[in-house]
Amino acid sequence: MEGNFSSYNPQPASNLKKSYRKQEHDHSGEHHHLKEEDYMAPSFNLRNVSKLILPPLGVSSQNPVNSKGWIISPLDSRYRCWESFMVLLVAYSAWVYPFEVAFMHKTSNKKIYIVDTVVDLFFGIDIVLTFFVAYIDRTTHLLVRDKKKIVVRYLSTWFVMDLASTIPYEALGYLFTGKRKVGLPYFLLGMLRFWRIRRVKQYFTRLEKDIRFSYFWVRCARLLSVTLFSIHCAGCLYYMLADRYPHQGKTWIGAVNPNFRETSLRIRYISAMYWSITTMTTVGYGDLHAVNTMEMIFIIFYMLFNLGLTAYLIGNMTNLVVEGTRRTMEFRNSIEAASNFVCRNRLPPRLKEQILAYMCLRFKAESLNQHQLIEQLPKSICKSICQHLFSETVEKVYLFKGVSKKLFCPWYETNNCMDVNQSLRKKIDGMNC
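Residues numbered from 1 in each chain as written. Predicted model: local features only at pLDDT ≥ 70, side-chain atom pairs only at ≥ 80, totals over all residues. Heavy atoms only, no water.

The next thing to look at is the overall build of the chain. Check the secondary structure of the chain and you find 16 helices and 3 strands. In the chain, which comprises 433 residues, the proportion classed as buried is 37%. Sequence separation of at least 24 residues holds for 68% of the intrachain contacts in the chain that already meet a minimum separation of 6. Carbon and sulfur atoms form 64% of the exposed surface of the chain, whose accessible area is close to 27,300 Å². (Helix = DSSP H or I, 4+ residues; strand = E, 2+ residues; numbered from the N terminus. Buried < 20%, exposed > 50% of the residue type's maximum accessible area, 1.4 Å probe, protein only. Contact = heavy atoms within 4.5 Å. Areas by Shrake-Rupley, 256 points an atom, 1.4 Å probe, with all protein chains shown as cover.)

This is the structure in structure tokens:
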């Protein structure tokens, strides 16, 4: 069983086990100091905080961060770098493919074709690597390293879609037909590349849980990416409807520029993005509007999509703004309540200044309040913290020289760090007097 599974977060669990074992030894008369290394293991850092979760009871602790043999740990730093690189390739393919379908279907660009082939090759390599990547079991929250289970799970879940989104349908069309300009069915099959976008979603979700990055800016980047991608895809698809329409003049862009196909690629793309942005923001100047029935139907569905997207964006931005100003509003309300209390009881100005100064100091030092953190920790860890913080100070006191360290264990257990700190200061000040 231990060969196939390992705990998802073994290091904090091992620390807890060690601390509780030390606690038991203390009660039996064998006291040992907990070393700082027990809490500062190499795998326990800010990079892994977003991945931590306690394993089920009775599971032996192993280190899942490092890869072993042919099996790759999903928490390995090298594999994380590979995932970040694949996210960049996903962004490239998701952005370039609609542009190629809409604006470059009649002209073949050899450089873009080579780049697309290289990108597909990287995704093929990623499919092979996935057969060797361990996964987290959702039921037990354990890291499964059994190769057979990894292969069966991948084949039964995402393998088919990953393979379908990686096949170069344009190249296959050229092999079968001998033509560079393939038909619309090949382009529709190529739309399966959008399946890769789920990687970007997972990447942003991981960044939102990483405390090294600001949640506000990560969330804003995620919302901005969704908005820009929607605008880009809508503009490319709307231009493709005009370009494929048999009557060139009876289109949204042909009504303004009858020879739009002879216009530069930059002007056509900017026109499509201009229409998409004005439509999404419900401005609608009327200079670019639907002319034929197909364009009208597309705009109807695009506007319905914009209703949901706008509600999604406004809801998320409202939550971000409200959460960012919550502490400030609470501070203002407390100051207002204190001022009303002073006026109602006709307190002197000196007391009013002291009350308001205390309220301001508490607001500024709220992040330094350690009582709430200490209360959440078990007594064994609190005792170890007290030993680490105050052992050297106690040993330097003349009154305690030569006293056994076991004598201080009950004192550490019955008092938290703040009480120990205050009592030490009182005793030292009394001896100095």
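Glancing now at the nonpolar core. Core analysis: the biggest nonpolar cluster contains 31 residues, and Phe-103, Tyr-238, Tyr-239, Trp-252 and Trp-275 have the highest contact counts within it. Elements that contribute at least two residues to this core include exactly helix 2 (77-103), helix 9 (215-244), helix 10 (265-280) and helix 11 (293-345). Counting residues per element, this core draws most heavily on helix 9, at 9 residues. Among residues more than four places away in sequence, those in contact with Tyr-239 are Ala-102, Phe-103, Trp-252, Ile-253, Phe-260, Arg-268 and Ala-272. (Core = buried A, V, L, I, M, F, W, Y, C linked by side-chain atoms within 4.5 Å.)

This part is about the confidence of the model for the chain. Averaged over all residues, the pLDDT of the chain is 77; the fraction at 70 or higher stands at 73%. Taken element by element, the chain is modelled with least confidence in strand 1 (residues 5-7), mean pLDDT 40, and with most confidence in helix 9, mean pLDDT 93. In this model residues 49-63 is a low-confidence stretch, pLDDT under 50, and it forms 38 contacts with partners more than four residues away in sequence or in other chains. (pLDDT = per-residue confidence, 0-100.)

Considering the arrangement of structural elements, one finds Asp-162 in helix 5 (residues 159-164). A relative accessible area of 9% means that Asp-162 is categorised as buried. Within polar-contact distance, the side chain of Asp-162 engages the side chain of Arg-198 at 3.0 Å. Apart from residues lying up to four places away in sequence, Asp-162 is in contact with Ile-127, Tyr-154, Trp-195 and Arg-198. (Polar contact = N/O pair within 3.5 Å; in protein donor to acceptor, adjacent residues only side chain to side chain.)

So, on to the packing of aromatic side chains. Within this structure, the stated rule accounts for 24 aromatic pairs. When the ring of Tyr-154 is compared with that of Phe-159, the centres are 5.7 Å apart and the planes differ by 75°; the resulting orientation is edge-to-face. Ring plane angle 15° and centroid distance 3.7 Å describe the contact between Tyr-238 and Trp-275, whose orientation is recorded as stacked. Taken together, the positions of Tyr-238 in helix 9 and Trp-275 in helix 10 put the pair 37 residues apart, joining distant regions of the chain. Assessed through its relative accessible area of 0%, Tyr-238 is described here as buried. An aromatic cluster of at least three residues, connected via ring pairs, comprises Phe-99, Phe-103, Tyr-239, Phe-260 and Tyr-269. Over the face of the ring belonging to Tyr-135 we find Arg-153, whose NZ or CZ atom lies 4.3 Å from the ring centre. Taking the ring centre of Phe-123 as reference, the NZ or CZ of Arg-196 above it sits at 3.9 Å. (Phe/Tyr/Trp six-rings, centres within 6.5 Å; stacked < 30°, edge-to-face > 60°. Lys NZ or Arg CZ within 6 Å of the ring centre and 35° of its normal.)

Right, let's get into helix 10. Taking 1.5 Å of rise per residue, the 16 residues of helix 10 would be expected to cover 22 Å, and the 23 Å separating its terminal C-alpha atoms lies within 8% of that figure. Where helix 10 is concerned, the buried positions are Arg-268, Tyr-269, Ala-272, Met-273, Trp-275, Ser-276, Thr-278, Thr-279 and Met-280. Against helix 2, helix 9 and helix 11 lie the buried residues of helix 10. Within two residues after helix 10, Thr-282 carries a phi angle of roughly 55°, on the positive side. (Expected span 1.5 Å × (residues − 1).)

Looking now at the packing of helix 2 against helix 3 (residues 110-130). Running from amino to carboxyl end, helix 2 crosses helix 3 at an angle of 140°, the nearest separation of the two axes being 11 Å. Here helix 2 is positioned oblique relative to helix 3, judged by the angle of their axes. Note that helix 2 runs across helix 3; the crossing there is left-handed. Judged by residue contacts, Trp-82, Phe-85, Met-86, Leu-89, Val-90, Tyr-92, Val-96 and Glu-100 of helix 2 engage Ile-112, Val-115, Asp-116, Val-119, Phe-122, Phe-123, Ile-125, Asp-126 and Leu-129 from helix 3. (Axes fitted to C-alpha atoms, helices over the stretch in contact; angles between N-to-C directions. Parallel < 35°, antiparallel > 145°, perpendicular 65-115°, else oblique. Left-handed = near helix turned anticlockwise from the far one by under 90°.)

Nonpolar side chains collect at one region of the surface, where Met-294, Ile-297, Ile-300, Phe-301, Leu-304 and Leu-307 lie side by side and expose about 660 Å² of accessible area between them. Summarising the element assignment, Leu-304 is placed in helix 11. (Patch = residues over 30% accessible without salt bridge, like charges linked within 9 Å, V, L, I, M, F, W, Y side chains within 5 Å. Salt bridge = Lys/Arg side-chain N within 4 Å of Asp/Glu carboxyl O.)

Take the side chain of Thr-227 next. Looking at the element boundaries, Thr-227 is found in helix 9. Engagement of the side chain of Thr-227 in a polar contact is seen with the backbone oxygen of Leu-223, the distance being 2.9 Å. The contacts of Thr-227, once residues within four sequence positions are left out, are Met-280 and Leu-313.

Our next topic: helix 14 (residues 379-396). Every α-helical turn comprises 3.6 residues, leaving residues that sit three or four positions apart pointing alike. Between its first and last C-alpha, helix 14 extends 25 Å over 18 residues, near the 26 Å set by a 1.5 Å rise per residue. Bending of helix 14 peaks at approximately 50° at the position of Phe-390. Taken as a whole, helix 14 has its buried residues at Ser-380, Ile-381, Cys-382, Lys-383, Ser-384, Cys-386, Gln-387, Phe-390, Ser-391 and Val-394. (Bend = angle between axes of the 7 residues up to and from the residue.)

This brings us to the pattern of salt bridges. A complete count under the given rule lists 12 salt bridges for this structure. Between Arg-80 and Glu-83 there is a salt bridge, with the nearest N and O atoms lying 3.5 Å from each other. Of the two residues, Arg-80 and Glu-83 are both situated in helix 2; the distance of 3 residues between them amounts to about one turn of the helix. On the basis of relative accessible area, Arg-80 is assigned to the buried category, the value being 17%. With a closest N to O distance of 2.9 Å, Glu-83 and Arg-206 form a salt bridge. With Glu-83 in helix 2 and Arg-206 in helix 8 (residues 197-209), the pair connects residues that are 123 residues apart, well separated along the chain. Classification of Glu-83 by relative accessible area gives partly exposed; the value is 22%. Each member of the salt-bridge network shares a partner with another, and the members are Arg-80, Glu-83 and Arg-206.

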